[in-house]
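In case you want the letters, here they are:
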Amino acid sequence: MSRISQRFKQLEEKSRVALIPFVTAGDPGPEVTVPLMHAMVEAGADIIELGVPFSDPMADGPVIQRASERALEHGVSLHDVLAMVSQFRESDADTPVVLMGYLNPVEVMGYETFALAAQNAGVDGLLTVDLPPEEADDLLAAIKPKDIDPIFLLAPTSSDERMQRICDAASGFVYYVSVKGITGSSHMAIGEVAAKTAQIRKHTALPVGVGFGINSAEKAQAVAQVGDAVIVGSVLVKRMEELSDRPDEIAPAIAQILTAMRQAIDLV
Ligand SMILES: O=P(O)(O)OC[C@@H](O)[C@@H](O)c1c[nH]c2ccccc12
């Protein structure tokens, strides 16, 4: 069983909803990321979603785009991101790490080389935003034998047929994108999220994570009533940007936001 599936099983036994923070690796500088990952776990993160910086992140809003730019200014590559995961694993053997990124860097490295390096580093899941499941066979053939779960996105507009195809290709969990558009939006409609997560559950027994637009403890709590995981990105990345010239303050500031979300989620 993959580390992600194990984690969801443990959470289910405790009736706990997962909290999944997203940060871009290497933002605002490479030395921030690994200590920040540990601080997020201490503040209640159950899984970490780590963004691989990319020059043309078309699914991302301005906040996460700028995070990618800051990391790229430091030359942070897919190689470096894998090294950060290895370093994180030296003192955390349990918390799953999902890499979020665009296909190009993985293609450039080569699927087999990537899969082996990611497994050795201790990566547990891969979300490639611009790779639909219909075109993912080769990548899936490389990562699945390495126990790396492919994470796919389901959108508000996904038809039942498409939902089924995505759920069949995925493992670990499926990611429901709660709003149309890009990351960092603030128009999450909780009623629609409830209806869609229920619809998704007809297609799969996999846990359903919900992300996009969750920017407060209140919204995290509302989503926790219908999803198995609450995924939070831009609100954290924005705080990191505000503190980019005071990097020592980043980990405690992010921990504070996550602690408030954790407490709100645990009341559900
Ligand atoms: O930023 P938000 O609105 O809180 O949404 C989570 C999101 O940032 C994270 O999961 C993510 C970052 N980049 C992405 C690209 C596609 C899908 C998801 C993502």
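Criteria and cut-off values
- Residues numbered from 1 in each chain as written.
- Predicted model: local features only at pLDDT ≥ 70, side-chain atom pairs only at ≥ 80, totals over all residues.
- Heavy atoms only, no water.
- Near = heavy atom within 4 Å.
- Polar contact = N/O pair within 3.5 Å; in protein donor to acceptor, adjacent residues only side chain to side chain.
- 1 Å grid on protein atoms, 1.4 Å probe; cavity = no way out; pocket = protein on both sides within 12 Å on 5 of 7 lines; lining within 4 Å.
- Sits in = over half its atoms within 2 Å of the grid points.
- Nonpolar A, V, L, I, M, F, W, Y, C, P; charged D, E, K, R; others polar.
- Points joined across faces, edges and corners; volume = space filled by probe spheres on them.
- Helix = DSSP H or I, 4+ residues; strand = E, 2+ residues; numbered from the N terminus.
- Contact = heavy atoms within 4.5 Å.
- UniProt positions renumbered as here; feature names shortened; annotations may be inferred.
- Buried < 20%, exposed > 50% of the residue type's maximum accessible area, 1.4 Å probe, protein only.
- Pairing = 2+ DSSP bridges.
- Axes fitted to C-alpha atoms, helices over the stretch in contact; angles between N-to-C directions.
- Parallel < 35°, antiparallel > 145°, perpendicular 65-115°, else oblique.
- Left-handed = near helix turned anticlockwise from the far one by under 90°.
- Core = buried A, V, L, I, M, F, W, Y, C linked by side-chain atoms within 4.5 Å.
- Phe/Tyr/Trp six-rings, centres within 6.5 Å; stacked < 30°, edge-to-face > 60°.

### Section: the site of the ligand
Okay, so step 1: Taken together, 17 residues surround the ligand, and among them E49, D60, Y175, G213 and S234 come closest.
Okay, so step 2: A distance of 2.5 Å separates an oxygen atom of the ligand from a polar side-chain atom of S234.
Okay, so step 3: The site holding the ligand turns out to be the largest pocket.
Okay, so step 4: Taken together, the residues that form the shell around the ligand break down as ten nonpolar, five polar and two charged.

### Brief notes about the layout of surface pockets
Okay, so step 1: When its volume is computed, the largest pocket comes out at roughly 700 Å³.
Okay, so step 2: L153, Y175, V177, T183 and F212 are, among the 43 residues lining the largest pocket, the residues nearest its centre.
Okay, so step 3: For the lining of the largest pocket, the elements supplying multiple residues, two or more each, are α3 (62–73), β4 (125–128), β6 (153–154), α8 (160–169), β7 (174–177), β9 (229–232) and α11 (234–242).
Okay, so step 4: With three residues, α11 is the largest single contributor of residues to the lining of the largest pocket.
Okay, so step 5: Residues that form the lining of the largest pocket fall into these classes: 26 nonpolar, eleven polar and six charged.
Okay, so step 6: One number sums up the size of the second largest pocket: a volume of about 270 Å³.

### Description of the environment of H79
Okay, so step 1: Structurally, H79 can be placed in helix α4 (residues 78–89).
Okay, so step 2: On a C-alpha basis, the gap between H79 and V52 in space is 9.7 Å, while along the polypeptide they are 27 residues apart.

### Quick notes on the side chain of S234
Okay, so step 1: Tracing the backbone through its elements, the reader meets S234 in helix α11.
Okay, so step 2: In this structure, S234 is in contact with V63, I64, T183 and G184, ignoring residues within four places of it in sequence.

### Here we look at the UniProt feature "active site" (unreviewed entry) in the protein
Okay, so step 1: When the UniProt feature table is mapped to this numbering, "active site" (unreviewed entry) covers E49 and D60. Of the annotated set named above, E49 and D60 line the largest pocket.
Okay, so step 2: By the element assignment, E49 lies in strand β2 (residues 48–51).
Okay, so step 3: Once residues lying within four places of it in the same chain are set aside, the contact partners of E49 are I20, P21, F22, V23, V98, M100, L127, Y175 and I231.
Okay, so step 4: With respect to the secondary-structure elements, D60 resides in the loop between β2 and α3.
Okay, so step 5: Overall, D60 belongs to the buried group, its relative accessible area being 5%.
Okay, so step 6: When residues no more than four places from it in sequence are discounted, the contact partners of D60 are Q65, M100, Y102, I182 and T183.

### Looking at the sheet that holds β6
Okay, so step 1: The sheet built from nine strands is open, its strands ordered β5-β4-β3-β2-β1-β9-β8-β7-β6 with parallel pairing. Two strands lie at the open edges of the sheet, namely β5 (149–150) and β6, each paired on one side alone.
Okay, so step 2: Pairing of β2 with strand β3 (residues 97–101) involves four bridges; the strand directions are parallel. In the sheet register, G51 faces β3, and the bridge partner there is M100.
Okay, so step 3: Seen against the sheet, α11 touches β1 (18–24) and β9 and runs at an angle of roughly 40° to β1.

### What about the packing of helix α2 (residues 33–42) against α4?
Okay, so step 1: Closest axis-to-axis distance for the α2/α4 pair is 9 Å, and the angle between their directions is 50°. The orientation of α2 with respect to α4, classified from their angle, is oblique. Where α2 crosses over α4, the handedness of that crossing is right-handed. Residues T33, V34, M37, H38 and V41 of α2 pack against M84, Q87 and F88 of α4.
Okay, so step 2: Tallied by class, residues from the contact of α2 with α4 come to five nonpolar, three polar and no charged.

### Details of the nonpolar core
Okay, so step 1: L50, L82, L99, F114 and V230 are the most contacted members of the largest nonpolar core, which totals 73 residues.
Okay, so step 2: Among the elements that make up this core, the one with the highest residue count is helix α12 (residues 250–266) (seven residues).
Okay, so step 3: Ignoring anything within four residues of it in the chain, the contact list for L99 reads L50, V52, L78, V81, L82, V85, F114, V123, G125, L126 and L127.
Okay, so step 4: F22, I47, V63 and L127 belong to the second-largest nonpolar core, a separate cluster that totals 22 residues.

### Description of the packing of aromatic side chains
Okay, so step 1: Per the stated rule, a full pass over the model turns up three aromatic pairs.
Okay, so step 2: Here F8 and F173 contribute two aromatic rings whose centre-to-centre distance is 5.8 Å and whose plane-to-plane angle is 50°, an arrangement assigned as tilted. Of the two residues, F8 is situated in helix α1 (residues 3–13) and F173 in the loop between α8 and β7; the sequence distance between them amounts to 165 residues. As far as the burial class goes, F8 and F173 line up, both buried.
Okay, so step 3: Between F54 and Y102, the ring centres sit 5.2 Å apart and the planes meet at 20°, which makes this aromatic pair stacked. With F54 in the loop between β2 and α3 and Y102 in the loop between β3 and α5 (103–109), this pair connects stretches of sequence that are 48 residues apart.

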